[in-house]
Amino acid sequence: MAVPTAFRMAGTRTSIVKAASHLLTHGGREAVSSRAVSALAGVQAPTIYRQFGDMAGLLDAVSHETFARYVSQEATFEPTGDPAQDLRRGWDIHVAFGLAHPAVYALMYGNRAELSATSAAQQGGEVLRGLIVRVAQAGRLQVTVDRAAQMIAAAGQGVTLELIATPPESRDLQLATAMREAVMSAILTAQVPEDRSGEQSGPQRVAARAVALNAVLEEAPNVLSGAERQLLAEWLERLANPR
(Lines give C-alpha, C1' and ligand atoms only; values in the text may rest on other atoms or scores of the structure.)
Protein backbone atom coordinates (compact mmCIF):
# COMPACT_ATOMS: atom_id res chain seq x y z
CA MET A 1 0.00 0.00 0.00
CA ALA A 2 1.36 3.39 -0.94
CA VAL A 3 2.12 5.72 1.94
CA PRO A 4 0.16 8.99 1.62
CA THR A 5 2.51 11.97 1.72
CA ALA A 6 0.32 13.63 4.36
CA PHE A 7 0.99 10.76 6.75
CA ARG A 8 4.77 11.11 6.41
CA MET A 9 4.67 14.89 6.73
CA ALA A 10 2.78 14.79 10.04
CA GLY A 11 4.39 14.19 13.41
CA THR A 12 5.00 10.62 14.52
CA ARG A 13 1.92 10.28 16.71
CA THR A 14 -0.36 11.96 14.18
CA SER A 15 1.05 9.82 11.36
CA ILE A 16 0.27 6.65 13.29
CA VAL A 17 -3.26 7.77 14.15
CA LYS A 18 -3.95 8.79 10.54
CA ALA A 19 -2.64 5.48 9.26
CA ALA A 20 -4.71 3.47 11.73
CA SER A 21 -7.80 5.54 10.94
CA HIS A 22 -7.28 4.96 7.21
CA LEU A 23 -6.95 1.21 7.70
CA LEU A 24 -9.96 1.08 10.03
CA THR A 25 -12.16 3.02 7.61
CA HIS A 26 -11.23 0.98 4.56
CA GLY A 27 -10.67 -2.46 6.05
CA GLY A 28 -12.36 -2.66 9.42
CA ARG A 29 -10.84 -3.62 12.75
CA GLU A 30 -9.08 -6.67 11.33
CA ALA A 31 -7.04 -4.48 8.99
CA VAL A 32 -5.47 -2.50 11.85
CA SER A 33 -2.39 -4.52 12.75
CA SER A 34 0.90 -3.16 14.05
CA ARG A 35 2.60 -4.29 10.86
CA ALA A 36 0.07 -2.58 8.59
CA VAL A 37 0.00 0.62 10.62
CA SER A 38 3.76 0.91 10.86
CA ALA A 39 4.14 0.32 7.11
CA LEU A 40 1.53 2.92 6.23
CA ALA A 41 2.79 5.50 8.71
CA GLY A 42 6.41 4.94 7.78
CA VAL A 43 7.54 4.06 11.31
CA GLN A 44 8.91 1.01 13.07
CA ALA A 45 6.37 -1.18 14.87
CA PRO A 46 7.89 -0.57 18.35
CA THR A 47 7.17 3.13 17.88
CA ILE A 48 3.45 2.38 18.05
CA TYR A 49 3.81 0.77 21.46
CA ARG A 50 6.02 3.56 22.77
CA GLN A 51 3.40 6.11 21.71
CA PHE A 52 0.18 4.28 22.65
CA GLY A 53 1.10 1.40 24.96
CA ASP A 54 -0.68 -1.22 22.86
CA MET A 55 -3.08 -1.53 19.93
CA ALA A 56 -6.05 -0.92 22.19
CA GLY A 57 -4.52 2.42 23.13
CA LEU A 58 -4.03 3.28 19.48
CA LEU A 59 -7.61 2.39 18.59
CA ASP A 60 -8.83 4.46 21.52
CA ALA A 61 -6.89 7.43 20.18
CA VAL A 62 -8.34 6.91 16.70
CA SER A 63 -11.93 6.83 17.97
CA HIS A 64 -11.39 9.80 20.27
CA GLU A 65 -9.83 12.01 17.61
CA THR A 66 -12.41 11.05 14.99
CA PHE A 67 -15.26 11.80 17.40
CA ALA A 68 -13.70 15.09 18.53
CA ARG A 69 -13.14 16.21 14.95
CA TYR A 70 -16.71 15.38 13.97
CA VAL A 71 -18.15 17.24 16.95
CA SER A 72 -16.00 20.31 16.31
CA GLN A 73 -16.71 20.43 12.57
CA GLU A 74 -20.22 19.04 12.16
CA ALA A 75 -22.07 18.90 15.44
CA THR A 76 -21.61 22.16 17.30
CA PHE A 77 -24.73 23.96 18.39
CA GLU A 78 -25.70 26.40 21.08
CA PRO A 79 -28.21 25.23 23.69
CA THR A 80 -31.67 26.65 23.11
CA GLY A 81 -34.47 27.47 25.52
CA ASP A 82 -35.95 24.00 24.92
CA PRO A 83 -33.79 21.30 26.59
CA ALA A 84 -36.02 18.52 25.25
CA GLN A 85 -35.44 19.69 21.69
CA ASP A 86 -31.70 19.93 22.37
CA LEU A 87 -31.81 16.31 23.54
CA ARG A 88 -33.47 15.33 20.27
CA ARG A 89 -30.74 17.15 18.35
CA GLY A 90 -28.14 15.30 20.37
CA TRP A 91 -29.76 11.99 19.34
CA ASP A 92 -29.74 13.01 15.67
CA ILE A 93 -26.07 14.01 15.86
CA HIS A 94 -25.21 10.65 17.43
CA VAL A 95 -26.91 8.73 14.63
CA ALA A 96 -25.34 10.93 11.96
CA PHE A 97 -21.88 10.35 13.42
CA GLY A 98 -22.40 6.59 13.28
CA LEU A 99 -23.46 6.67 9.64
CA ALA A 100 -20.59 8.99 8.70
CA HIS A 101 -17.97 6.87 10.50
CA PRO A 102 -19.35 3.32 10.71
CA ALA A 103 -16.04 1.58 11.42
CA VAL A 104 -15.18 3.95 14.27
CA TYR A 105 -18.72 3.72 15.62
CA ALA A 106 -18.56 -0.06 15.62
CA LEU A 107 -15.28 0.19 17.51
CA MET A 108 -16.90 2.45 20.10
CA TYR A 109 -20.19 0.60 20.56
CA GLY A 110 -20.22 -2.61 18.57
CA ASN A 111 -18.97 -5.07 21.19
CA ARG A 112 -19.25 -3.48 24.60
CA ALA A 113 -19.47 -6.90 26.30
CA GLU A 114 -15.88 -7.72 25.38
CA LEU A 115 -14.28 -4.30 24.86
CA SER A 116 -13.98 -1.60 27.49
CA ALA A 117 -15.57 1.72 26.62
CA THR A 118 -13.31 3.97 24.56
CA SER A 119 -12.61 7.48 25.74
CA ALA A 120 -14.75 8.74 22.86
CA ALA A 121 -17.69 6.62 24.05
CA GLN A 122 -17.19 7.95 27.56
CA GLN A 123 -17.11 11.51 26.24
CA GLY A 124 -20.29 10.88 24.31
CA GLY A 125 -21.91 9.54 27.46
CA GLU A 126 -20.93 12.68 29.36
CA VAL A 127 -22.43 14.89 26.65
CA LEU A 128 -25.64 12.86 26.74
CA ARG A 129 -25.88 13.09 30.51
CA GLY A 130 -25.40 16.86 30.38
CA LEU A 131 -28.30 17.18 27.94
CA ILE A 132 -30.51 15.01 30.13
CA VAL A 133 -29.66 16.96 33.28
CA ARG A 134 -30.88 20.16 31.58
CA VAL A 135 -34.17 18.42 30.76
CA ALA A 136 -34.47 17.31 34.38
CA GLN A 137 -33.77 20.80 35.70
CA ALA A 138 -36.58 22.11 33.51
CA GLY A 139 -39.00 19.67 35.15
CA ARG A 140 -39.54 17.72 31.90
CA LEU A 141 -38.10 14.35 32.96
CA GLN A 142 -40.43 11.70 34.41
CA VAL A 143 -37.69 9.12 35.10
CA THR A 144 -34.33 9.52 36.81
CA VAL A 145 -31.36 10.94 34.93
CA ASP A 146 -29.59 7.58 35.13
CA ARG A 147 -32.58 5.69 33.74
CA ALA A 148 -33.06 8.19 30.93
CA ALA A 149 -29.37 7.94 29.99
CA GLN A 150 -29.56 4.15 29.91
CA MET A 151 -32.69 4.13 27.79
CA ILE A 152 -31.38 6.66 25.28
CA ALA A 153 -27.97 4.99 25.03
CA ALA A 154 -29.45 1.53 24.49
CA ALA A 155 -31.97 2.69 21.90
CA GLY A 156 -29.67 5.14 20.12
CA GLN A 157 -26.77 2.72 19.83
CA GLY A 158 -29.06 -0.12 18.79
CA VAL A 159 -30.79 1.77 16.01
CA THR A 160 -27.51 3.25 14.74
CA LEU A 161 -25.84 -0.18 14.56
CA GLU A 162 -28.94 -1.53 12.81
CA LEU A 163 -28.76 1.24 10.19
CA ILE A 164 -25.02 0.69 9.72
CA ALA A 165 -25.66 -3.01 9.08
CA THR A 166 -28.31 -2.18 6.46
CA PRO A 167 -27.12 -1.45 2.90
CA PRO A 168 -27.32 2.31 2.27
CA GLU A 169 -29.85 1.90 -0.52
CA SER A 170 -32.17 0.00 1.83
CA ARG A 171 -31.88 2.19 4.93
CA ASP A 172 -35.01 3.74 6.35
CA LEU A 173 -33.72 6.78 8.22
CA GLN A 174 -37.21 7.33 9.65
CA LEU A 175 -36.48 4.32 11.84
CA ALA A 176 -34.11 6.45 13.91
CA THR A 177 -36.71 9.21 14.21
CA ALA A 178 -39.44 6.76 15.23
CA MET A 179 -37.17 5.17 17.84
CA ARG A 180 -36.17 8.61 19.14
CA GLU A 181 -39.76 9.68 19.64
CA ALA A 182 -40.68 6.38 21.30
CA VAL A 183 -37.93 6.90 23.87
CA MET A 184 -38.75 10.57 24.34
CA SER A 185 -42.38 9.77 25.05
CA ALA A 186 -41.24 7.32 27.72
CA ILE A 187 -38.90 9.70 29.54
CA LEU A 188 -40.43 13.16 29.06
CA THR A 189 -43.42 14.67 30.76
CA ALA A 190 -46.11 16.29 28.67
CA GLN A 191 -45.32 19.86 27.70
CA VAL A 192 -46.67 22.11 30.44
CA PRO A 193 -48.56 25.20 29.20
CA GLU A 194 -47.77 28.54 30.76
CA ASP A 195 -51.04 28.66 32.69
CA ARG A 196 -50.30 25.11 33.97
CA SER A 197 -53.99 24.20 33.69
CA GLY A 198 -53.15 21.13 31.65
CA GLU A 199 -50.33 19.93 33.86
CA GLN A 200 -50.05 16.24 34.64
CA SER A 201 -51.29 15.14 38.03
CA GLY A 202 -50.57 12.29 40.37
CA PRO A 203 -47.39 10.17 40.42
CA GLN A 204 -46.04 11.58 37.14
CA ARG A 205 -46.06 15.14 38.45
CA VAL A 206 -44.43 14.07 41.72
CA ALA A 207 -41.78 12.09 39.84
CA ALA A 208 -40.96 15.03 37.56
CA ARG A 209 -40.61 17.36 40.55
CA ALA A 210 -38.39 14.87 42.39
CA VAL A 211 -36.10 14.44 39.37
CA ALA A 212 -35.90 18.21 38.86
CA LEU A 213 -35.00 18.89 42.50
CA ASN A 214 -32.38 16.14 42.49
CA ALA A 215 -30.83 17.65 39.36
CA VAL A 216 -30.31 21.07 40.98
CA LEU A 217 -29.25 20.04 44.50
CA GLU A 218 -25.61 20.84 43.74
CA GLU A 219 -26.55 24.49 43.31
CA ALA A 220 -27.05 24.74 47.10
CA PRO A 221 -24.09 22.76 48.43
CA ASN A 222 -23.95 24.28 51.94
CA VAL A 223 -27.60 24.14 52.94
CA LEU A 224 -27.64 20.46 53.94
CA SER A 225 -25.07 18.29 55.63
CA GLY A 226 -23.61 15.35 53.79
CA ALA A 227 -25.87 12.93 55.64
CA GLU A 228 -28.93 15.08 54.96
CA ARG A 229 -28.09 15.31 51.27
CA GLN A 230 -27.68 11.56 51.09
CA LEU A 231 -31.02 10.97 52.80
CA LEU A 232 -32.80 13.52 50.61
CA ALA A 233 -31.29 11.96 47.49
CA GLU A 234 -32.63 8.59 48.61
CA TRP A 235 -36.11 10.04 49.14
CA LEU A 236 -36.05 11.78 45.77
CA GLU A 237 -34.95 8.57 44.08
CA ARG A 238 -37.92 6.75 45.60
CA LEU A 239 -40.34 9.50 44.59
CA ALA A 240 -38.95 9.46 41.05
CA ASN A 241 -39.52 5.69 40.81
CA PRO A 242 -42.90 5.04 42.43
CA ARG A 243 -43.69 1.37 42.79
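Residues numbered from 1 in each chain as written. Predicted model: local features only at pLDDT ≥ 70, side-chain atom pairs only at ≥ 80, totals over all residues. Heavy atoms only, no water.

**Describing helix α8 (residues 119-137)**
Side chains of residues three or four places apart in an α-helix project in the same direction, reflecting 3.6 residues per turn.
Reasoning step 1: End to end, α8 covers 27 Å across 19 residues, agreeing with the expected 27 Å (1.5 Å per residue, within 8%).
Reasoning step 2: A120, A121, G124, L128, L131, I132, V135 and A136 are the residues of α8 that are buried. End-on, the buried residues of α8 take up no more than an arc of 160°, which puts them together on one face.
Reasoning step 3: Directly beyond the C-terminal end of α8, a positive phi value near 75° is found at G139. (Helix = DSSP H or I, 4+ residues; strand = E, 2+ residues; numbered from the N terminus. Expected span 1.5 Å × (residues − 1). Buried < 20%, exposed > 50% of the residue type's maximum accessible area, 1.4 Å probe, protein only. Arc of directions from axis to C-beta.)

**Re the pattern of salt bridges**
Reasoning step 1: Within the structure shown, the criterion is met by 6 salt bridges.
Reasoning step 2: Salt-bridge contacts for R129 lead to D146; the nearest nitrogen and oxygen are separated by 2.6 Å. Remark: D146 occurs in helix α9 (residues 145-165) and R129 occurs in helix α8; sequence separation between them is 17 residues.
Reasoning step 3: Residue R129 is classed as partly exposed on the basis of its relative accessible area, which comes to 38%.
Reasoning step 4: D146 gets classed as partly exposed once you look at its relative accessible area, which sits at 44%.
Reasoning step 5: A salt bridge links E181 to R180, with the nearest nitrogen and oxygen atoms 2.8 Å apart.
Reasoning step 6: A single salt-bridge network, built from bridges that share partners, covers R88, D92, R180 and E181. (Salt bridge = Lys/Arg side-chain N within 4 Å of Asp/Glu carboxyl O.)

**So, the packing of aromatic side chains**
Reasoning step 1: Considering all chains together, one arrives at 4 aromatic pairs under this definition.
Reasoning step 2: A centroid spacing of 4.7 Å and a plane angle of 45° characterise the contact between Y105 and Y109, whose relative ring orientation is tilted. One end of the pair is Y105 and the other is Y109, both in helix α7 (residues 102-109) and 4 residues apart, which spans about a single turn. Y109 shares its class with Y105; the two are buried.
Reasoning step 3: Pairwise contacts between aromatic rings join F67, Y70, F97, Y105 and Y109 into one cluster. (Phe/Tyr/Trp six-rings, centres within 6.5 Å; stacked < 30°, edge-to-face > 60°.)

**Points about helix α10 (residues 174-187)**
Reasoning step 1: The end-to-end C-alpha distance of α10 is 20 Å, a good match for the 20 Å that 14 residues give at a rise of 1.5 Å each.
Reasoning step 2: By the burial criterion, the buried members of α10 are A176, R180, V183, M184 and I187. All buried residues of α10 fall inside an arc of 100° around its axis, so they share one side. Exposed and oriented more than 90 degrees from the buried face of α10 are Q174 and S185.
Reasoning step 3: Contacts from the buried residues of α10 go to α6 (83-100) and α9. (Contact = heavy atoms within 4.5 Å.)

**Here we look at the environment of I16**
Reasoning step 1: With respect to the helices and strands, I16 occurs in helix α2 (residues 12-27).
Reasoning step 2: The spacing of I16 and A41 is 25 residues in sequence and 5.3 Å in space, taken between C-alpha atoms.
Reasoning step 3: Not counting chain neighbours up to four residues away, the residues in contact with I16 comprise V37, A41, V43, T47, I48, Q51, F52 and L58.

**Focus: the packing of α6 against α7**
Reasoning step 1: Axis separation between α6 and α7 bottoms out at 5 Å; the angle between their running directions is 115°. On the side of α6, the interface is formed by H94, F97, G98, L99 and A100, while α7 contributes P102, V104, Y105, M108 and Y109.
Reasoning step 2: Of the residues belonging to the contact of α6 with α7, the class tally is 8 nonpolar, 2 polar and no charged. (Axes fitted to C-alpha atoms, helices over the stretch in contact; angles between N-to-C directions. Nonpolar A, V, L, I, M, F, W, Y, C, P; charged D, E, K, R; others polar.)

**Observations concerning the confidence of the model for the protein**
Reasoning step 1: Averaged over all residues, the pLDDT of the protein is 83; the fraction at 70 or higher stands at 84%.
Reasoning step 2: Taken element by element, the protein is modelled with least confidence in helix α1 (residues 5-9), mean pLDDT 53, and with most confidence in α10, mean pLDDT 95.
Reasoning step 3: Every residue in residues 193-198 is under pLDDT 50, and counting partners more than four places away or in other chains gives 2 contacts. (pLDDT = per-residue confidence, 0-100.)

**Here's the deal with the environment of M184**
Reasoning step 1: Tracing the chain through its elements places M184 in helix α10.
Reasoning step 2: Remark: the alpha-carbon pair of M184 and A84, spanning 100 residues in sequence, is separated by 8.5 Å.
Reasoning step 3: Once residues within four sequence positions are removed from consideration, M184 is found in contact with L87 and R88.

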